[in-house]
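Listed here are the chains, written in short residue letters.
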Amino acid sequence: MTTATEQDVGYNSKIEGNVIFSSADAIINWVRSNSVWPMPMGLACCAIELMGVGASKFDIARFGMEVMRFSPRQSDCMIVAGTVTYKMAEAVRRIYDQMAEPKWVVAMGACASSGGMYRSYAVLQGVDRILPVDVYISGCPPRPEALIDGMLRLQEKIRTEKSMWQIKAGRPNPEKLPTGPR
Amino acid sequence: MNLKETFAFLEERPAKDCPAYNCPAGHLVNLMQALRDQHGYSMLVDMTAVDEGPGQTPRFIAVYHLFNLESFEYLRIASACEGDESAPEIPTVSHIWAGADWHERECYDMFGIRFKGHPDLRRILMWDEYPYYPLRKEFPLAGFDMDFQAADVAERTGVRIQPAPMAGGPFVSGDEGPMSEKEPRAKDQSWREQHKKPGGSGPA
Amino acid sequence: MPESREISIGDVESQAATLQSEKMTLNVGPSHPTTHGVLRLLVELEGDIMTKVTPVIGYLHRGDEKIAENMTYNQFVPYTDRLDYLGPLANNVAYAIAVEKLAGIEVPARCQAIRVICTELARISSHLLGLGVFGMDTGAWTPFMYCFTEREKLMDLFEELTGARFTNSYTRIGGVTRDIPEGWTGRVIEALNSMQRTLKEVDTLLTRNRIFYDRCVGVGIIAKEDAISYGLTGPNLRGSGIPLDLRKDKPYSGYENYDFDVPVGKTGDCYDRFLVRMEEVHQSIRIVMQAIEKLPDGPWYAEDAKKIFAPPKDKVLTSMEELIQNFMIVTQGPQIPAGEVYFEAENPKGALGFYVVSRGGGVPYRLKIRAPSFCNLSILPKILPGLMLTDVTTVLGSLDFVMGECDR
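In every chain, residue numbers begin from 1 and rise along the written sequence. Chain letters start at A and ligand numbers start at 1, both assigned in the order the entries are written. Totals for whole chains, interfaces and linings use every residue, but because this is a predicted model, local features are given only for residues with pLDDT of at least 70 and side-chain atom pairs only at 80 or more, for both listing and counting. Values shown for side chains rest on all heavy atoms present in the structure; no hydrogens or waters enter the calculation.

### Observations concerning the pairing of strand β3 (residues 49-56) of chain C
All names here are of chain C. For the record, the criterion: In this scheme, strands are said to pair when DSSP sees at least two bridges between them. The way it works is that DSSP assigns letters per residue, a run of H or I at least four long becomes a helix, a run of E at least two long becomes a strand, and they are numbered from the N terminus.
Looking at chain direction, strand β2 (residues 40-46) and β3 are connected through seven bridges and run antiparallel. Bridge pairing in β3 places Leu 42 opposite Thr 54. Hairpin connection, β2 to β3: the antiparallel pair is bridged by two residues, and Gly 47 has positive phi, about 65 degrees.

Structure below.
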């Protein structure tokens, strides 16, 4: 690789010392993982702990995730916080469809993960039946620390993704699409 | 004050907490109107129904709880629904108390009780096309297998409405039958090695 | 196609009466920031003015009443937590008292006082969130943060008392799970004192704030007759000028022993409901302070209710009789005599009622939950038409509802 000259770049002396070599995946994932904009899908009790995480004491802003966007178009991580009923499941799926790629899903709490204590005719037994879930968080509801931990795990997961491949292929990672009943 | 002196058709109903009466469905509207206008029971705090079980007559009892804002007394009025077991009927009181509108819709949704004269009798908690009445005694807690209400979402995700698993739950068994059959886990709605979690991406 | 003609402003003014406008139907929810939960509104708009509003509920219907018919009385306590999940302790207490009424047992004075403290702390935490979120709905972010900081202190106290931050499941039929820990009451007083300072700041930030005032005063007026007809309860009813407070008018759990006032609004608009909640927090603090001061000694569960309350663990592990008693209650549930009872408690959101029908044994035959939010929301089609779409946030915030108990 040739050295940048004054003709190539206007401020040669500065750029010379600041060039970093890295893989595109690492850069993209680094950027993505540190600017996760959650879409709080607040459904039930867990939404209160989600608010607690956003509020003063636990303050998720420390991890670059305080930008809660209630519009699915502006967010890239859906936090499903609460019981998903069959009646609500349709709306949850449609909102997920409206989110732009790349997108991730966190199932917060027992209800979203598996139906939890609501074994009944009205409750979808786990949001993973309609969405591809990346991180499950246990608890009923999870403590705010647990949610923060879950979000940090999500960051770790994002850092291992093959982002460049996804961009080149122009389509989402097929592993992440739901496949229906198995 | 004994309401029975004023309304001869009332029948005392055993209760520990507040005065309670049984009222024939035919007199219900007149009784409610009089209770609100002349007896100070200005508030309908609650309205619900009780299912006495399949085959019982009367099967569905509508229960009204009124509150007196002057003497701070509760009053319970129970009224047996008329008509067939599959389509019980009772007159509406939603023109007397506006709040009864939603209560009656809920009763219709959960028990299938038709409120005669109700202006907008639709389901309220379940979605409109839901075919069952969940609080009827013959309806199992786990629900029935059926299609998901949004066909396009069902097609893309393969989701169905399936009976909820009962094993490991905190549920107790009923009174009749041998223990091996009456326990919810015996009905095998659980997710195990042989019976995997439907559509799940996690381990079964 | 006819030639289009540009309409000048003057034309519009002169023809205003004859110009035809089209009504627009807008779907708000079930996932929407203003809705404090999964409430959906179908709004018919003429310009910016709502002409018809149809609420659609049931998006959080989890089948609580059916679940109750399938488990013992004590097993249902955790489900009551998740009705009004902003003040779960109050739900626990209301449910326990309802079943105890049916069983005909009276809990000792210490247990009653503990329950009063719990209910009032739950009310404070619920109202704090209600006030903070109401501020956020009207455009003020800071009060929310202040309120939440105070709420977190209460969460820590709840955790110390019950083991959980807010899904407490603290009561059992015939008592509570455990006595209050040592030194806990002192920490409650400390937290409440610091809360009063914060409340003053929230008061300064909101109550006389011009923007807040203009958005609330005269908006969403609920007339007295409507409030009664729709079965409104709690701060929403009192905001309309009806001084009904079950703690005063139909005392339970020893509320008659405490000195407190019932704040009442005048016009029944959003501002009045806000003021009522604000004052209720102060009154609740008063009650807690009195209850702690007068906290009686003695047993904290109904000792004579042998078939209803499981004895403490240390006795179960050392005594045969208590071991059997514990075994029977755990496997068969508390034995409640046949009958039916309706009990309402004054909860943060309004009167939470339980209608319990028992046929004997450890499982309720029918359990109906009368949810205050359900009734409070049923008034929406009445009060929203005529207001602007932006007022939806204000009105919903002032009604302070929870979908968990609305849909059950």
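What follows picks up the thread again.
### With respect to the side chain of Asn92(C)
Residues and elements named next belong to chain C. Where we set the bar: Working definition: with a 1.4 Å probe on protein chains only, accessible area under 20% of the residue-type maximum means buried, over 50% means exposed, and in between means partly exposed. It only takes one pair of heavy atoms within 4.5 Å for two residues to be counted as in contact.
Looking at the element boundaries, Asn 92 is found in helix α4 (residues 88-103). Overall, Asn 92 belongs to the buried group, its relative accessible area being 0%. The residues contacting Asn 92, other than those within four sequence positions of it, are Val 77, Thr 80, Asp 81, Asn 168, Ser 169, Tyr 170 and Thr 171.

### Observations regarding the interface of chain B and chain C
Using the following cut-off: When two parts are put together, the accessible area they lose, computed with a 1.4 Å probe and summed over both, is reported as buried area. Here, a salt bridge means any Lys or Arg side-chain nitrogen found within 4 Å of an Asp or Glu carboxyl oxygen. Any N or O atom pair separated by 3.5 Å or less is treated as a polar contact, with the protein-specific requirement of one donor-capable and one acceptor-capable atom, and with residues adjacent in sequence counted only for side-chain atom pairs.
Every contact between the two is made by 47 residues of chain B and, on the other side, 48 residues of chain C. Both faces considered, chain B and chain C share a buried interface measuring about 4000 Å² in area, 60% of it formed by carbon and sulfur atoms. Counting across the interface, chain B meets chain C through seven salt bridges. Here Glu52(B) ties to Arg359(C) by a salt bridge, and the two come within 3.1 Å at their closest N and O atoms. Joining chain B to chain C, the criterion identifies 19 residue pairs in polar contact (both at pLDDT 80 or more). Elements represented by at least two residues in the side of chain B that touches chain C include exactly β3 (43-51), β4 (60-67), β5 (74-80) and α3 (100-111) of chain B. Element by element, the count of residues in the side of chain B that touches chain C is highest for β3(B), at nine residues.

### Description of unusual backbone geometry
Of note, the amide linkage connecting Cys140(A) to Pro141(A) takes the cis form, showing an omega dihedral of -10 degrees. Note on placement: Pro141(A) falls in the loop between β4 (135-137) and α6 (144-159). Looking along the chain, the bond that leaves Thr57(B) and enters Pro58(B) is cis, with omega of -10 degrees. For Pro58(B), the location among the structural elements is in the loop between β3 and β4.

### Brief notes about the packing of helix α12 (residues 270-293) of chain C against helix α17 (residues 391-399) of chain C
Residues and elements named next belong to chain C. Test applied: Between the N-to-C directions of two axes lies an angle of 0 to 180 degrees, each axis being a line fitted to C-alpha atoms and, for a helix, fitted only over the stretch in contact. Note on terminology: angles under 35 degrees are roughly parallel, angles over 145 are roughly antiparallel, angles of 65 to 115 are roughly perpendicular, and the others are oblique. What makes a crossing left-handed is the near helix being turned counterclockwise from the far one by less than a right angle; a clockwise turn instead makes it right-handed.
Packing of α12 against α17 leaves a shortest axis separation of 9 Å and a crossing angle of 30 degrees. Between α12 and α17, the crossing angle belongs to the class labelled roughly parallel. As α12 packs across α17, the resulting crossing turns out to be left-handed. Here α12 contributes Cys 270, Arg 273 and Arg 277 to the contact with α17, which in turn contributes Thr 394, Val 395, Ser 398 and Leu 399.

### As for the packing of aromatic side chains
Selection rule: Between 30 and 60 degrees the pair is tilted, below 30 it is stacked and above 60 it is edge-to-face, where a pair is any two Phe, Tyr or Trp rings, Trp via its six-membered ring, whose centres lie within 6.5 Å. Two conditions define a charge located above a ring, namely a distance within 6 Å from the ring centre to NZ of Lys or CZ of Arg, and an angle within 35 degrees of the ring normal.
Applying the stated criterion across every chain yields a total of 31 aromatic pairs over all chains. Consider the rings of Tyr130(B) and Tyr132(B), whose centres lie 5.9 Å apart with planes at 75 degrees: the pair is edge-to-face. Where Tyr255(C) meets Tyr258(C), the ring centres are 6.5 Å apart and the plane angle is 75 degrees; that geometry is what we call edge-to-face. As far as burial versus exposure is concerned, Tyr255(C) and Tyr258(C) are alike and both buried. Feature note: the residues Tyr121(A), Trp127(B), Tyr130(B), Tyr132(B), Phe139(B) and Phe144(B) constitute an aromatic cluster, connected by ring pairs. When the ring centre of Phe260(C) is taken as reference, the NZ or CZ atom of Lys248(C) above it lies at 4.0 Å.

### Side note on the sheet that holds β3(C)
Residue and element names in this part refer to chain C. In space, the three strands of this open sheet follow the order β1-β2-β3, with antiparallel pairing throughout. Edge positions in the sheet fall to β1 (24-28) and β3, since each of these pairs with one other strand and no more. Averaged over all adjacent pairs, the angle separating strand axes in this sheet is 20 degrees, with direction ignored.

### Remarks on the pairing of strand β8 (residues 366-370) of chain C
When a strand is regular, its side chains alternate between the sheet's two faces. Residue and element names in this part refer to chain C. Counting buried positions along β8 gives five out of five residues, so the element sits mostly inside the fold. Side chains Arg 366, Lys 368 and Arg 370 project from β8 onto one buried face, and the interleaved Leu 367 and Ile 369 project onto a second face that is buried too. As defined by bridge partners, strand β7 (residues 350-358) adjoins β8 across five bridges and the pair is classed as antiparallel. Its bridge partner being in β8, Gly 353 is matched across the sheet by Arg 370.

### With respect to the environment of Gly218(C)
Topologically, Gly218(C) is positioned in the loop between α8 (210-216) and α9 (224-229). A sequence separation of 188 residues divides Gly218(C) from Cys406(C), and the C-alpha atoms of the two residues are 26 Å apart.

### Section: the interface of chain A and chain B
We apply this condition: Lys, Arg, Asp and Glu make up the charged group, whereas Ala, Val, Leu, Ile, Met, Phe, Trp, Tyr, Cys and Pro make up the nonpolar group; the residues left over, Gly among them, are polar.
Listed by partner, the interface residues are 23 residues for chain A and 34 residues for chain B. Note on chain A versus chain B: buried area summed over both sides is about 2500 Å², and carbon and sulfur give 55% of it. Looking only at chain A, the three residues that lose the most surface to chain B are Arg119(A), Tyr121(A) and Arg129(A), adding up to 32% of its buried area. Inspection of the region where chain A meets chain B yields two salt bridges. In this structure, Arg156(B) engages Asp97(A) in a salt bridge whose closest nitrogen and oxygen atoms are separated by 2.2 Å. Those elements that place two or more of their residues in the side of chain A that touches chain B are α4 (86-98) and α5 (109-114) of chain A. Examining the composition of the side of chain A that touches chain B, we find that seven residues originate from one element, α4(A), more than from any other. For the side of chain A that touches chain B, the class distribution of residues is eight nonpolar, six polar and nine charged.

### Focus on the sheet that holds β7(C)
Residues and elements named next belong to chain C. Spatial ordering of the open sheet is given by β6-β7-β8, a layout of three strands whose pairing is antiparallel. At either margin of the open sheet sits one strand with a lone partner, and together these are β6 (339-347) and β8. On average, each strand axis in the sheet is inclined to that of its neighbour by 10 degrees, with strand direction left out of account.

### With respect to the confidence of the model for chain A
All names here are of chain A. In plain terms, the rule: Looking at any residue, its pLDDT shows the predictor's confidence there, from 0 to 100.
Here chain A averages 80 in pLDDT, while 82% of its residues score no lower than 70. Across residues 1-11, confidence stays below pLDDT 50; counting only partners more than four residues off in sequence or on other chains, it has eight contacts. Of the regions scoring below 50 in pLDDT, residues 174-182 engages in 16 contacts with residues more than four places distant in sequence or in other chains.

### Overview of helix α5 (residues 109-137) of chain C
Residues and elements named next belong to chain C. Inclusion rule: Expected span of a helix: the number of residues minus one, times 1.5 Å.
Here α5 contains 29 residues, and its C-alpha end-to-end distance of 41 Å stays within 8% of the 42 Å for a straight helix at 1.5 Å per residue. Burial of α5 is extensive: 27 of the 29 residues sit out of reach of the surface. Gly 139 sits one or two residues past α5 and shows a positive phi near 105 degrees.

### Focus on the side chain of Asn347(C)
Assignment of secondary structure puts Asn347(C) in strand β6. Apart from residues no more than four positions distant in its own chain, Asn347(C) is found in contact with Ala90(C), Asn91(C), Ala94(C), Arg123(C) and Leu352(C).

### Remarks on a nonpolar patch on the surface
Selection criterion: Like charges are joined within 9 Å and nonpolar side chains (Val, Leu, Ile, Met, Phe, Trp, Tyr) within 5 Å, but only among residues with over 30% relative accessible area and no salt bridge; these make up the patches. Here the Shrake-Rupley method, with its probe set to 1.4 Å, supplies the accessible areas, and only the displayed protein chains count as covering residues.
Nonpolar side chains collect at one region of the surface, where Met320(C), Leu323(C), Ile324(C), Phe327(C) and Met328(C) lie side by side and expose about 510 Å² of accessible area between them. Inspection of the secondary structure puts Ile324(C) in helix α14 (residues 320-332).

### Concerning the environment of Asp51(B)
As for its placement among the helices and strands, Asp51(B) is situated in strand β3. In sequence terms Asp51(B) and Arg136(B) are 85 residues apart; their C-alpha atoms lie 6.2 Å from each other. Setting aside residues no more than four positions away along its own chain, Asp51(B) makes contact with Arg59(B), Phe60(B), Phe111(B), Leu135(B), Arg136(B), Lys137(B), Glu138(B) and Tyr365(C). A distance of 2.7 Å separates the side chain of Asp51(B) from the backbone nitrogen of Lys137(B), its partner in a polar contact.

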